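These are the residues of each chain, in order.
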Amino acid sequence: ASVSDGKGWRPASPISSGATQSSAAKAGGVGKIRSLPESGLRTGVDVTDEEVSPRGHISATTLSRGVSTENMTIDPITDTAGTEESKGNSPADLLARGKASSPLKQSSNSMSASTIERLEKDRAHSATINSLIVRLTSWESHDHSFVQMFFTVYRSFLSPVVLLEKLIQRYHVPHGVAEQTRHAVQLRVGTALKHWIEQEFDDFNSEMIGRLMEFITTDLPEDNHTHLASRLQAELDQRIVEKQERIHQVDYLPDSLDRSVFVPSARLLLRISPIELSEQLCLLDMSIFRKIHPAEFLGLAWSKESTQHRAFHVCHSLARLNSFSQWVPTTILLLETAELRARMIEKWIHAGTCLLANKNYQSLMGIIAGLNISSCTRLKQSWSLVSTAYKKMFQECEETMSPNQSFKTYRACLSEAFRPLCPYLGVYLSDLTAIDSGNPDKVDGQINLYKHELIHGICSRVRYFQEVNYSFEKDDKLSPLITHLCPLSENHLYNLSLVRERKAFAP
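Residues numbered from 1 in each chain as written. Predicted model: local features only at pLDDT ≥ 70, side-chain atom pairs only at ≥ 80, totals over all residues. Heavy atoms only, no water.

J.: Could you clarify how one ought to interpret the overall build of the chain in this entry?
T.: A tally of helices and strands in the chain yields 23 helices and five strands. Looking at the chain residue by residue over its 507 residues, the buried ones come to 48%. Once local pairs closer than 6 in sequence are excluded, the contacts in the chain between residues at least 24 apart make up 75%. Of the roughly 24,300 Å² of accessible surface on the chain, a fraction of 52% belongs to carbon and sulfur atoms. (Helix = DSSP H or I, 4+ residues; strand = E, 2+ residues; numbered from the N terminus. Buried < 20%, exposed > 50% of the residue type's maximum accessible area, 1.4 Å probe, protein only. Contact = heavy atoms within 4.5 Å. Areas by Shrake-Rupley, 256 points an atom, 1.4 Å probe, with all protein chains shown as cover.)

And the structure:
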């Protein structure tokens, strides 16, 4: 456990956050966490020591910097209270005062005023892991939005195993602390654990579940928290059962498909109503979108081959969109005559308009991309037979999804639209890439909390749209037609396009 050295208490062994340990830990010793009267710890104190006692408590580091810690002692239980200088520095406060800068890097090589402002803001919103744990379980106040943000992004700087240990350590308040304070901290730890189990149970492996059950059945009853223990046990049992029920429901992307079975007849597609087609696309796209977990957005996992397994559903969504955008011109070029190809083009434009009305921007982007592929745009004879009304409808769709000014029109639609809505995932991924490249992971050696708040903002938006599904009725006959796509390759499409219309056509 921990031993007293006359100045406070010393952890028996350090727990690394998964990245680095303090110099004392590296040297084979342990860091020292001293005590201070409860009124002594204020926001602005900078503490870099991350060691904690396995049965002791977490050192309380704070969210702001600027006060030297040399010859200063830190109370391991007191939560950050905040000085007048540090209050009102949340992102919302900074935005309200007009001081929040863009998440993107400044292009200038010189230190402009806006760059300096951004760096100052980053320092104001940096924190150590232990200070985040203290804030997460603060006995003075409960910040639900911070709890949500923390459990969404914590995997970027902390492993689930270490987080569980730190929460258990936080629960074991050192002796000498007021009983009321001790009780309040323990309840906050229980609240944090319950939220974690409810929202992110996939983070728990079998070893962590065993450790958590040991904590629930042993530690909580010892402190007379039987009601809290029963609530956590019931929640844990429910999630275990749900996880076991899902264990055989594995998603997969087939490597190859039998074209004779899965390539739909283009003529058959001509007989399907564009409204019905768009409704089935809405159901399919939303089913894929709702499976995406916010953790898949962390660390740009979808963009690196070595980490794509951590972003399976994001990659599935991207693969589906790419396949769909190739399938659109495939269905057009499979038709022999220009008249039939024109009808199919109009069919897709009409379906795109219905998708726009139903706020399915994912498949809408697939149709726009498919109709703008070179093998399709060169079909001058076919396009000449498309009516002016349909061409105008297609222009409106293109204007809505135009990438100009960072998808300004599309973003405006998102801000004003009601759910259900299936967003175009590419914009979120571009924003996450910009945030990652424009903001450092750490500021002065501490976690850049502002960067994680920006990431959480996007994850929260995704979750918001995932909450409401479309109410259309699934068509068991049409659904397989649009689910199992096997489009022709881009080269094959272009060669087929040359066969369909060999020479330039002048209307």
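J.: What am I meant to see in the nonpolar core here?
T.: The tendency in soluble globular proteins is for nonpolar side chains to be buried as a group. By size, the foremost hydrophobic cluster in this structure holds 115 residues, and its most contacted members are Phe150, Trp196, Trp348 and Leu371. Non-local contacts of Leu371, meaning those with residues more than four positions away in its chain, are made with Val328, Ile332, Trp348, Ile349, Cys376, Thr377, Trp383 and Phe394. (Core = buried A, V, L, I, M, F, W, Y, C linked by side-chain atoms within 4.5 Å.)

J.: Honestly, helix α18 (residues 388-400) in this entry has me stumped. Any pointers?
T.: Since the α-helix turns once every 3.6 residues, residues separated by three or four places project in the same direction. Between the first and last C-alpha of α18 there are 19 Å, a value that for 13 residues agrees with the 18 Å anticipated at 1.5 Å per step. Phe394, Cys397 and Thr400 are the residues of α18 that are buried. Taken around the axis of α18, the buried residues stretch over an arc of 120°, which confines them to a single face. Among the exposed residues of α18, those pointing more than 90 degrees away from its buried face are Thr388 and Lys392. Looking at the buried side of α18, the elements it contacts are α14 (338-357), α15 (361-371), α17 (380-384) and α19 (404-416). (Expected span 1.5 Å × (residues − 1). Arc of directions from axis to C-beta.)

J.: What's the story with the side chain of Glu235 in this structure? I'm lost.
T.: Note on placement: Glu235 falls in helix α9 (residues 226-246). A polar atom in the side chain of Glu235 sits 2.8 Å from the side chain of Arg239. With near-sequence residues (within four places) excluded, Glu235 lies in contact with Lys194, Ile197 and Glu198. (Polar contact = N/O pair within 3.5 Å; in protein donor to acceptor, adjacent residues only side chain to side chain.)

J.: How should I be thinking about the environment of Ser460 in this particular structure?
T.: On the secondary structure map, Ser460 appears in helix α21 (residues 449-466). Put simply, Ser460 and Pro294 are 166 residues apart on the chain and 8.2 Å apart in space, counted from C-alpha to C-alpha.

J.: What am I meant to see in the packing of aromatic side chains here?
T.: The relation between two aromatic rings is expressed through the spacing of the ring centres and the mutual angle of the planes. Scanning all chains against the criterion turns up 19 aromatic pairs. Where Phe151 meets Tyr154, the ring centres are 6.3 Å apart and the plane angle is 80°; that geometry is what we call edge-to-face. We note that Phe151, like Tyr154, is buried. The rings of Phe146, Phe150, Phe151, Tyr154, Phe157, Trp196, Phe201 and Phe204 are connected pair by pair, giving a single aromatic cluster. When the ring centre of Phe146 is taken as reference, the NZ or CZ atom of Arg135 above it lies at 4.1 Å. It is Arg419 that lies over the ring of Tyr464; its NZ or CZ is 3.9 Å from the centre. (Phe/Tyr/Trp six-rings, centres within 6.5 Å; stacked < 30°, edge-to-face > 60°. Lys NZ or Arg CZ within 6 Å of the ring centre and 35° of its normal.)

J.: I keep staring at the sheet that holds strand β4 (residues 442-443) and nothing clicks. Help me out?
T.: In a beta sheet, neighbouring strands pair by backbone hydrogen bonds and run either parallel or antiparallel. Read across the open sheet, the three strands follow the order β3-β5-β4; overall the sheet is antiparallel. Among the strands making up the open sheet, the edge pair consists of β3 (126-127) and β4. As paired elements, β4 and strand β5 (residues 446-448) share two bridges and run antiparallel to each other. In the strand pairing of β5, Val443 is matched with Gln446. Contacts between α21 and the sheet are confined to β3 and β5, with β5 contributing the most and set at about 30° to the helix. (Pairing = 2+ DSSP bridges. Axes fitted to C-alpha atoms, helices over the stretch in contact; angles between N-to-C directions.)

J.: Explanation requested: unusual backbone geometry in the structure shown.
T.: Most of the time, phi is negative for any residue but glycine, and the peptide bond is trans. In this structure, Pro420 follows Arg419 across a cis peptide bond, with omega equal to 5°. Considering the arrangement of structural elements, one finds Pro420 in the loop between α19 and α20 (425-438). For Asn224, which is not a glycine, the phi torsion comes out positive at approximately 65°. Tracing the backbone shows Asn224 in the loop between α8 (206-222) and α9. You will see that Ser406, though not glycine, has its phi angle at about 55°, which is positive. With relative accessibility at 43%, the residue Ser406 sits in the partly exposed group.

J.: Just to check I follow, could you spell out the packing of α14 against α15 for this structure?
T.: Any two packed helices are characterised by the angle at which their axes cross and by the distance between the axes. Interaxial distance between α14 and α15 falls to 8 Å at its minimum, and their mutual angle equals 155°. Comparing the axis directions of α14 and α15 gives the class roughly antiparallel. Crossing handedness for the pair α14 and α15: left-handed. Here Trp348, Ile349, Ala351, Gly352, Leu355 and Leu356 of α14 come into contact with α15, specifically with Tyr361, Ser363, Leu364, Ile367 and Leu371. When its residues are assigned to classes, the contact of α14 with α15 shows nine nonpolar, two polar and no charged. (Parallel < 35°, antiparallel > 145°, perpendicular 65-115°, else oblique. Left-handed = near helix turned anticlockwise from the far one by under 90°. Nonpolar A, V, L, I, M, F, W, Y, C, P; charged D, E, K, R; others polar.)

J.: Can you help me understand the confidence of the model for the chain in this one?
T.: In low-pLDDT segments, the atomic positions of the prediction should not be examined closely. Of all residues in the chain, 71% attain a pLDDT of 70 or more, and the chain-wide mean is 77. Of the regions scoring below 50 in pLDDT, residues 1-111 engages in 243 contacts with residues more than four places distant in sequence or in other chains. The low-confidence segment residues 250-264 (pLDDT under 50) makes 18 contacts with residues lying over four places distant or belonging to another chain. (pLDDT = per-residue confidence, 0-100.)

J.: What's the story with α19 in this structure? I'm lost.
T.: For α19, built from 13 residues, the straight-helix expectation of 18 Å at 1.5 Å per residue is met to within 8% by its first-to-last C-alpha distance of 19 Å. Within α19, the axis deviates most sharply at Tyr410, by approximately 35°. Inspection of α19 places Phe407, Tyr410 and Leu414 among the buried residues, and these make up the whole buried set. In the core, the buried residues of α19 are packed alongside α15, α18, α20 and α21. (Bend = angle between axes of the 7 residues up to and from the residue.)

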